[in-house]
Amino acid sequence: QVQLVESGGGLVQAGGSLRLSCAASGRTFSSYAMGWFRQAPGKEREFVAAISGSGAFTRYAASVKGRFTISRDNAKNTVSLQMNSLKPEDTAVYYCAASAKAADTMSAYDDWGQGTQVTVYS
């Protein structure tokens, strides 16, 4: 089992940037992929980005590609999500999750953090 704790959420004006971080513990960090998901009020949780254990492979949702960047530091057991050019529709609770592979479906992820709120105002 992996324990995950997100941080870095907050309130930001449209066009601004935020950097989310997720600290992991419990297993060898580089042995599993990590993903970010988000859930807006009244909507289902959706995939945002994922990264392989080595960091060599990444994938993004179409809605964030070119604006968000996922990265990881295996020495520090952290994964980050750099979010630029934020839009009001990016407002959601953001969750990090651990998986055997860098998948874009929730069912592939076994362990989840508690989430961090991101609010983008216009």
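Report on the accompanying structure. (Residues numbered from 1 in each chain as written. Predicted model: local features only at pLDDT ≥ 70, side-chain atom pairs only at ≥ 80, totals over all residues. Heavy atoms only, no water.)

1. Looking at the overall build of the protein chain
The following threshold applies: Numbering goes from the N terminus for both helices and strands, where a helix is a DSSP run of H or I of at least four residues and a strand is a run of E of at least two. A 1.4 Å probe rolled over the protein chains alone gives each residue an accessible area, and that area as a share of the maximum for its type sets the label: buried under 20%, exposed over 50%, partly exposed in between. Whether two residues are in contact is decided by their heavy atoms: any pair within 4.5 Å suffices. Positive charge is attributed to Lys and Arg, negative charge to Asp and Glu, and no charge count is given to His or to the chain ends. In this description, the location of a charge corresponds to atom NZ of lysine, CZ of arginine, CG of aspartate or CD of glutamate.
Counting its secondary structure elements, the protein chain contains zero helices and 11 strands. For the protein chain, the sequential pattern of α-helices and β-strands runs β-β-β-β-β-β-β-β-β-β-β. In terms of overall dimensions, the protein chain has C-alpha extents of about 40 × 25 × 25 Å along its principal axes. Counting across all 122 residues of the protein chain, residues that qualify as buried make up 44%. Across the protein chain, every contact between residues at least 6 apart in sequence was considered, and the portion connecting residues at least 24 apart equals 58%. Here the protein chain carries 12 positive and 9 negative side-chain charges, and the mean point of each set is 5 Å from the other.

2. With respect to the sheet that holds strand E1 (residues 3–7)
As a general point, the strands of a sheet are linked pairwise by backbone hydrogen bonds and lie either parallel or antiparallel. Applicable threshold: Pairs of strands are assigned from DSSP output, requiring at least two bridges between the strands. Only the stretch in contact is used when a helix axis is fitted, and all axes are lines through C-alpha atoms; the angle between N-to-C directions ranges over 0 to 180 degrees.
The four strands are arranged E1-E3-E8-E7 in an open sheet whose pairing can be described as antiparallel. Looking along the sheet, the strands with just one partner apiece sit at the ends: E1 and strand E7 (68–73). Along the sheet, successive strands turn relative to each other by an average axial angle of 15 degrees, direction set aside. With six bridges joining them, strand E3 (residues 18–25) and strand E8 (residues 78–83) adopt antiparallel strand pairing. Paired with Ala23 across the bridge in E8 is Thr78.

3. Observations regarding the state of the cysteines
Quick note on the threshold: Only a pair of cysteine sulfur atoms within 2.5 Å counts as a disulfide in this structure description.
One pass over the structure, following the stated rule, counts one disulfide. Linked covalently through their sulfurs, Cys22 and Cys96 form a disulfide whose S-S length is 2.0 Å. Because the sign of the S-S torsion sets the handedness, a value of about 50 degrees for the bond joining Cys22 and Cys96 places this disulfide among the right-handed ones. Remark: Cys96 occurs in strand E9 (residues 92–99) and Cys22 occurs in strand E3; sequence separation between them is 74 residues. Residue class for Cys96 comes out buried when judged on its relative accessible area of 0%.

4. Considerations on the nonpolar core
Rules: To qualify as a nonpolar core, a set must consist of buried Ala, Val, Leu, Ile, Met, Phe, Trp, Tyr and Cys residues joined through side-chain atoms within 4.5 Å.
Of all hydrophobic cores here, the largest spans 37 residues; its most connected members are Met34, Trp36, Leu81, Met83 and Tyr94. Of all elements in the fold, only E3, strand E4 (33–39), strand E5 (46–51), E7, E8, E9 and strand E11 (116–121) reach the threshold of two or more residues within this core.

5. Concerning the pairing of E8
If a strand is regular, its side chains alternate between the two faces of the sheet. As defined by bridge partners, E7 adjoins E8 across six bridges and the pair is classed as antiparallel. Considered in E8, the bridge of Asp73 is made with Thr78. Counting the residues in the hairpin turn of E7 and E8 gives four residues, including Asn77, whose phi is positive at 55 degrees.

6. Comments concerning the packing of aromatic side chains
For clarity, the cut-off: Only rings of Phe, Tyr and Trp enter the pairing, Trp through its six-membered ring, and a pair is recorded when the two centres are within 6.5 Å. The plane angle decides the type: under 30 degrees is stacked, over 60 is edge-to-face, the rest tilted. Only when the NZ atom of a Lys or the CZ atom of an Arg is both within 6 Å of the ring centre and within 35 degrees of the ring normal do we say a charge sits over the ring.
Counted according to the given criterion, the structure contains five aromatic pairs. Between Phe29 and Tyr32, the aromatic rings sit 5.5 Å apart at their centres with planes inclined by 90 degrees, giving edge-to-face as the arrangement. Taking the relative accessible area as the measure of exposure, Tyr32 reaches 0% and is therefore buried. A centroid spacing of 5.1 Å and a plane angle of 80 degrees characterise the contact between Phe37 and Tyr109, whose relative ring orientation is edge-to-face. On the criterion of sequence distance, the pair formed by Phe37 in strand E4 and Tyr109 in strand E10 (residues 109–112) is long-range, its members being 72 residues apart. Accessibility expressed as a relative area gives 1% for Phe37, which makes it buried. Site record: aromatic cluster; members linked through ring pairs are Phe37, Phe47, Tyr109 and Trp112. One Lys or Arg, Arg45, reaches over the ring of Tyr95 and ends 3.6 Å from the middle of that ring.

On their own, these measurements won't tell you what the molecule is for.
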